[in-house]
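These are the residues of each chain, in order.
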Amino acid sequence: MNLNYIIFRNLKKNIKNYYLYVFALIFSVALYFSFVTLQYDPAMEEYKGSIKGAAALGASSVLLVAIVAVFLLYANTIFIKRRSKEIGLFQLIGLTKGRIFRILSSENLILYFSSILIGIFLGFSFSRLILMILFKLVGLEAQATLSFSSGALRQTLIVFGCIYLLIMLMNYMFIKGQSILSLFRVVSTAEIRVKRMSVLEILIGLLGMVMILAGYYVSSILFSGKLTGTTELFATMIFILGSVIIGTYLFYKGSVSFIFNAIRKSKGGYLSLNHVLSLSSIMFRMKSNALLLTIITTVSALAIGLLSLSYIAYYSTEQSARHSVPNHFSVLLPEDAAKFTQALNGENIEYTETRRDVIQIEADVAGIVGSDLGEEFGNTMILPVVSDHQVEGVDVSPEETLFTGSNNALNQFMSLRSTGQIELRGLTLSIPQQLVGVDKDAVVSQYFSLGLPTAIVDQSIYAQLAQDLDPKLQSKSSVYIGIDIPDASMLGKADAIFHDLGFSEQSGYMSQPALIFDQKSSMGLIMFIVGFLGLTFLITSGCILYFKQMDEGEEEKPNYTILRKLGFTQGNLLRGIQIKQLFNFGIPLIVGLLHSYFAVKSGWFLFGTELWTPMVIVMLLYTALYSIFGFLSVLYYKRLIKESL
Amino acid sequence: MAILEATQIHKSYGNKFNKQEVLRGIDLRVEKGEFVSIMGASGSGKTTLLNVLSSIDKVSLGSIKIEGKDFTGMKEKELAEFRKQHLGFIFQDYNLLDTLTVKENVLLPLSIMKVSKKEADQKFQQIASELGIYEIASKYPNEISGGQKQRTSAARAFIHDPSIIFADEPTGALDSKSASDLLNKLSELNRKINATIIMVTHDPVAASYCSRVVFIKDGQIYTQLNKGEETRQHFFNDIIRTQGVLGGVQA
């Protein structure tokens with residue numbers, strides 16, 4: 001039996017235990033490699049110009065490496081601790097520390113680099129798929145072809161080689177710093193220190209929950225118009241972040257055990273098996289993992305939040321494009337409109353034209369602005385005004401005004417009410433009006449509205465105001481010209497014509513398809529990057545929770561032995577374990593989901609028009625992927641319970 | 001009436017090429033209310049015997065009946081059911097769950113049997129004051145002494161009135177004062193509620209508290225001693241003498 005034999009045997013034994021680690025390693029290498037391949041791919045060149053796709057990919061690959069490196073190093077600390085007894089044994093039979101280090105290194109070398117090679121192979125096969133997903137998301141219609149890039153290979157090998165060296169360095173320090181006796185003891189120093197609840201802990205537990213709730217509450221009023229100054233807003237955001245993160249930490253440190261302890265107290269010492277396995281174990285364990293759980297919760301909340309927001313933006317592209325320009329195309333000057341329609345005729349493209357006269361009027365909105373923000377503007381706004389004759393399906397009486405095309409963000413900031421008294425002012429005139437409602441659909445382009453609502457008034461009022469215009473307020477054009485293409489298949493062609501006429505460069509000339517494309521491509525890229533980073537984080541943090549569960553399981557194995565001797569069946573124990581894992585994985589998940597829900601809810605209107613569908617989809621997806629690790633850990637426990645007697 | 005009846009039990013480990021026979025045909029009868037101890041040198045098979053008698057390990061051959069029921073052919077699920085109805089355990093290293101308080105540990109066997117809470121409380125009060133752990137009911141195992149831990153373990157074994165209690169070196173990790181405390185309590189309970197106890201030990205003092213001592217050697221019963229009307233000191237001397245004869249390698 002020589003050293004190589006020992007290495008080989010260890011490897012065989014370890015792979016069975018660490019398949020998830022190997023999987024996570026392969027996965028991260030594959031992802032990294034495909035990211036880098038994309039970066040080196042010539043197909044990205046054309047994409048590069050517009051939104052710096054490659055730069056974004058490059059930056060995110062750095063983040064990816066950071067996540068993966070932290071994960072691998074952390075996982076390594078767990079594993080080396082588990083093997084400390086073995087290391088002690090090797091020392092006991094006379095191997096030098098250097099020799100042991102060499103054994104560990106070569107063992108890791110084989111495991112690590114074969115995973116990397118598999119990862120690179122998979123990454124290359126998947127990079128085309130990933131490129132296809134990216135193209136699909138950003139709406140680019142290009143053929144996804146990829147060539148193997150030696151640059152990408154080199155970069156991947158260098159980066160993961162460095163991580164390997166770091167791991168080795170860590171192992172070296174671990175072995176060097178330990179004596180034989182202390183190595184034998186590492187495992188037996190349990191993480192938990194079972195103690196009764198002190199008053200301090202109860203206070204910590206309560207404080208944690210209060211802080212989280214306070215953060216949630218403040219986040220819900222963050223953009224309600226009560227806070228206006230930039231510094232005030234910024235300070236409030238910092239407060240929310242701090243309060244929620246510290247609250248989360250205290251929650252794990254105290255609240256969980258506080259709540260569970262209360263449940264336990266109520267049982268008066270008579271605990272059912274499910275309580276024994278879930279409550280009593282989690283009570284003490286969550287406390288010792290508080291920091292880790294806080295980090296995992298916070299980062300996953302961040303990932304879910306960002307992903308939800310970018311998906312909201314992506315999902316609402318069409319709506320927000322329609323908000324910017326209500327028709328497919330809009331030009332400012334009538335002669336340009338003629339040029340455009342002529343060209344359309346030339347290509348046999350049908351179209352419909354909408355013209356609306358728009359005047360800019362100062363309006364006193366003191367009666368409908370709820371926030372203090374109005375004061376800063378003297379409670380007046382310059383609003384575009386349109387006659388109700390020119391808007392289909394709208395008819396208001398001479399005393400009434402209808403706001404339309406209102407913007408979510410504006411509504412939130414100013415807390416605009418949808419009814420109330422306003423006053424429209426011409427140069428000399430001042431006409432009081434009753435605001436009867438706020439509609440979402442825009443009737444003129446952003447060029448006229450600048451994001452403010454458009455006021456629709458009765459024709460007679462419009463005529464009065466038009467006679468009494470303040471020339472300083474008027475824009476270059478006083479007519480909104482919108483052109484629609486009823487045949488959707490012709491839209492692309494029309495957009496090309498629009499572009500060829502040079503309209504796309506000029507302000508006030510807008511094309512809905514181009515807007516949609518622009519936003520889809522930038523939001524698509526952000527979604528793509530956040531999505532994959534989030535996935536990496538999800539998988540690595542899931543693995544860490546799983547490894548923690550492995551450790552916990554090993555430590556609790558004697559308990560299962562006792563319980564089985566007392567006459568509990570494997571099925572009984574497994575049911576208790578399932579409940580325990582429901583808490584173990586469920587609590588961080590639910591806290592993370594709640595955090596991201598409140599984060600998204602406080603500011604989603606800045607990103608798009610639809611909150612629920614995108615957010616729920618992201619959350620469900622996250623929950624489903626996350627649950628896989630919970631199931632895997634239950635399977636692990638099942639084996640453990642079976643072996644325990 | 002015999003509570004436990006083991007006939008011709010064999011236990012061997014390994015495969016057919018390399019067989020290690022640990023128990024080689026043991027017959028044992030334990031009557032209700034007996035306090036039996038099993039003694040023997042290291043490797044004599046006494047712990048294996050206890051394990052098979054208590055259904056934790058399976059016999060290779062032979063049958064074991066507890067209260068007339070043979071459990072050697074039972075499936076895992078039936079066995080678990082059987083254990084929780086009929087058996088109680090006391091272990092050398094206490095085997096208490098660290099995360100539970102003394103009371104919670106003791107009440108554990110009742111919770112699987114779906115006993116009402118009120119009844120459980122009554123039971124606990126009775127057995128805990130008997131064993132002198134009532135005052136520490138809400139403490140965690142790492143806050144109490146070894147002797148208290150072992151008495152907690154004993155309370156857990158007695159709480160559900162099992163047909164028979166198995167104790168594996170219960171005094172092995174205790175100092176002599178705690179050990180004699182525990183043994184006194186055990187023999188008191190043995191007399192008072194007519195509990196049946198089988199204890200494995202290598203300590204002659206501990207064995208002298210019993211009503212009968214069974215000596216095991218090389219997987220077979222070597223001899224048995226009955227206490228009868230003797231004093232404990234006398235019985236102790238008998239045990240020492242037998243052990244002396246038994247102890248030699250040459251025998």
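The structure presented is a predicted model; accordingly, all values stated were derived computationally and were not measured.

**Considering the overall build of chain B**
Each helix and strand counted, chain B has 8 helices and 10 strands in total. At 18 Å, chain B has a C-alpha radius of gyration in line with the 18 Å of a compact globule built from 251 residues. Burial statistics for chain B: of 251 residues in total, 55% are counted as buried. Of the contacts formed within chain B by residues at least 6 apart in sequence, a portion of 69% connects residues at least 24 apart. On chain B, roughly 11200 Å² of surface is accessible, and the fraction owed to carbon and sulfur atoms is 47%. Distance between charge centroids for chain B: 3 Å, based on 32 positive and 30 negative side chains.

**What about the UniProt feature "domain: ABC transporter" (unreviewed entry) in chain B?**
As annotated by UniProt and renumbered to match this structure, "domain: ABC transporter" (unreviewed entry) occupies residues 4-243 of chain B. What you have in residues 4-243 of chain B is 38% helix and 26% strand, and the ends, taken at the C-alpha atoms, are 25 Å apart.

**Structural notes on the packing of helix H6 (residues 97-138) of chain A against helix H21 (residues 512-565) of chain A**
Residue and element names in this part refer to chain A. Close contact between H6 and H21 brings their axes to 7 Å; oriented N to C, the two are set at 145°. Residues Ile 130, Ile 133, Leu 134, Leu 137 and Val 138 of H6 touch H21, and the partners they reach there are Phe 517, Lys 520, Ser 521, Gly 524, Leu 525, Met 527, Phe 528 and Phe 532. By residue class, the composition of the contact of H6 with H21 is 10 nonpolar, 2 polar and 1 charged.

**Some remarks on the sheet that holds strand E7 (residues 430-438) of chain A**
All names here are of chain A. The strand order E3-E4-E8-E5-E7-E6 describes a closed barrel built from 6 strands, whose pairing is mixed. On average, each strand axis in the sheet is inclined to that of its neighbour by 45°, with strand direction left out of account. Taken together, the 3 bridges between strand E3 (residues 359-364) and strand E6 (residues 420-425) define a ladder with antiparallel strand orientation. Looking across to E6, one finds that Ala 363 is bridged to Leu 424. Of the strands in this sheet, E3, strand E4 (380-387), E6, E7 and strand E8 (454-457) touch helix H19 (residues 459-467), which is tilted by about 120° from E4.

**Some details on a nonpolar patch on the surface**
All names here are of chain A. Taken together, the side chains of Phe 126, Leu 129, Met 132 and Ile 133 present a nonpolar region at the surface, about 350 Å² in accessible area. Mapped onto the elements, Met 132 comes out in helix H6. You can call Met 132 partly exposed: its relative accessible area is 42%.

**Quick word on the pairing of strand E3 (residues 35-39) of chain B**
Walk down a regular strand and you will see the side chains alternate between the two sheet faces. All names here are of chain B. Of all 5 residues making up E3, 5 are buried, and the element is well covered by its neighbours. Alternating positions in E3 separate into two faces, Phe 35, Ser 37 and Met 39 on one and Val 36 and Ile 38 on the other, with burial throughout. As paired elements, E3 and strand E9 (residues 212-217) share 4 bridges and run parallel to each other. In the sheet register, Val 36 faces E9, and the bridge partner there is Arg 212.

**Remarks on the interface of chain A and chain B**
Taken together, the contact pairs 30 residues of chain A with 35 residues of chain B. Both sides of the chain A and chain B interface together cover about 2800 Å² of buried area, and 60% of this is carbon and sulfur. If you look at where chain A meets chain B, you find 2 salt bridges. There are 5 residue pairs in polar contact (both at pLDDT 80 or more) connecting chain A and chain B. Sorting the residues of the side of chain A that touches chain B by element identifies helix H10 (230-267), helix H11 (273-277), helix H12 (279-288), H21 and helix H22 (570-603) of chain A as the ones contributing at least two each. For the side of chain A that touches chain B, the element with the highest residue contribution is H21(A), accounting for 5 residues. Tallied by class, residues from the side of chain A that touches chain B come to 13 nonpolar, 11 polar and 6 charged.

**Examining empty space enclosed by the protein**
All names here are of chain A. This model, assessed by the stated rule, comprises 6 cavities of 30 Å³ or more. Quantified by volume, the largest cavity comes out at close to 170 Å³. Only helix H1 (3-17), helix H4 (53-82) and H6 provide two or more residues apiece to the lining of the largest cavity. Volume-wise, the second largest cavity comes out at about 110 Å³. Lining the second largest cavity are Arg 285, Met 286, Asn 289, Leu 292, Leu 293, Leu 545, Lys 548, Gln 549, Glu 552, Asn 584 and Phe 585. Among the secondary structure elements, those contributing two or more residues to the lining of the second largest cavity are H12, helix H13 (290-315), H21 and H22. By residue number, the principal contributor to the lining of the second largest cavity is H21, which donates 4 residues.

**Looking at the sheet that holds strand E9 (residues 479-484) of chain A**
Sheet strands pair by backbone hydrogen bonding; their relative direction is either parallel or antiparallel. All names here are of chain A. Spatial ordering of the open sheet is given by E2-E9-E1-E10, a layout of 4 strands whose pairing is antiparallel. Two strands bound the open sheet, and with one partner strand each, they are strand E2 (352-357) and strand E10 (510-511). With 3 bridges joining them, strand E1 (residues 329-331) and E9 adopt antiparallel strand pairing. Bridging from a neighbouring strand, Phe 329 pairs with Ile 483 of E9. Most of the contacts of helix H20 (residues 491-500) go to E1, to which it runs at about 25°, and overall it touches E1 and E10.

Parameters and conventions
Residues numbered from 1 in each chain as written. Chains lettered and ligands numbered in written order. Predicted model: local features only at pLDDT ≥ 70, side-chain atom pairs only at ≥ 80, totals over all residues. Heavy atoms only, no water. Helix = DSSP H or I, 4+ residues; strand = E, 2+ residues; numbered from the N terminus. Rg over C-alpha atoms; globule rule 2.2 N^0.38 Å. Buried < 20%, exposed > 50% of the residue type's maximum accessible area, 1.4 Å probe, protein only. Contact = heavy atoms within 4.5 Å. Areas by Shrake-Rupley, 256 points an atom, 1.4 Å probe, with all protein chains shown as cover. Lys, Arg positive; Asp, Glu negative; His and termini not counted. Charge placed at Lys NZ, Arg CZ, Asp CG, Glu CD. UniProt positions renumbered as here; feature names shortened; annotations may be inferred. Axes fitted to C-alpha atoms, helices over the stretch in contact; angles between N-to-C directions. Nonpolar A, V, L, I, M, F, W, Y, C, P; charged D, E, K, R; others polar. Pairing = 2+ DSSP bridges. Patch = residues over 30% accessible without salt bridge, like charges linked within 9 Å, V, L, I, M, F, W, Y side chains within 5 Å. Salt bridge = Lys/Arg side-chain N within 4 Å of Asp/Glu carboxyl O. Buried area = accessible area lost by both parts, 1.4 Å probe. Polar contact = N/O pair within 3.5 Å; in protein donor to acceptor, adjacent residues only side chain to side chain. 1 Å grid on protein atoms, 1.4 Å probe; cavity = no way out; pocket = protein on both sides within 12 Å on 5 of 7 lines; lining within 4 Å. Points joined across faces, edges and corners; volume = space filled by probe spheres on them.

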